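What the coordinates show
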Amino acid sequence: MSDIKKIKDEYLDKLRGDLNLENVNKIKTELFGKNGAISNSFKELGSMPSEDRKKFASDLNFIKDELQKKINSKLQEIETKEINSKL
């Protein structure tokens, strides 16, 4: 759990900054891409003991959802800024 908590804290921290669309997409790829941090964590599930697997999967899904929501809200924020700057 501590590894995925570190991932969560690190990327939530990165998403707090003043980012542009390219930065947010890069973070999204770092997390959810083929070799992303979250994707690799899901790959670890198969090698875990079954009693730990359920808790880890639940925690990982919660963190994944939280990070996806944060990324989506950041993308929405950037889009709104761009629209307002054009007006």
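Residues numbered from 1 in each chain as written. Predicted model: local features only at pLDDT ≥ 70, side-chain atom pairs only at ≥ 80, totals over all residues. Heavy atoms only, no water.

**Details of the confidence of the model for the protein chain**
Scored by pLDDT, the protein chain comes out at a mean of 91, with 98% of its residues at no less than 70. Confidence, expressed as mean pLDDT per element, reaches its minimum in the protein chain at helix α1 (residues 2-16) with 89 and its maximum at helix α2 (residues 21-32) with 94. (pLDDT = per-residue confidence, 0-100. Helix = DSSP H or I, 4+ residues; strand = E, 2+ residues; numbered from the N terminus.)

**Points about the nonpolar core**
In terms of nonpolar packing, the biggest core is built from 20 residues, with Leu31, Ile38 and Leu67 touching the most fellow members. Elements that contribute at least two residues to this core include exactly α1, α2 and α4 (50-86). Of the residues forming this core, the biggest block, eight residues, is contributed by α4. Not counting residues up to four positions away in its chain, the partners in contact with leucine 31 are Ile7, Tyr11, Gly36, Ala37, Ile38, Ser39, Leu67 and Ile71. (Core = buried A, V, L, I, M, F, W, Y, C linked by side-chain atoms within 4.5 Å. Buried < 20%, exposed > 50% of the residue type's maximum accessible area, 1.4 Å probe, protein only. Contact = heavy atoms within 4.5 Å.)

**Details of α4**
Quick reminder: α-helices carry 3.6 residues per turn. Residues three or four places apart thus point the same way. When the terminal C-alpha atoms of α4 are compared, their 54 Å separation across 37 residues agrees well with the 54 Å that a helix rising 1.5 Å per residue should span. Here α4 has its buried residues at Phe56, Ala57, Asp59, Leu60, Ile63, Leu67, Ile71, Lys74, Leu75 and Ile78. (Expected span 1.5 Å × (residues − 1).)

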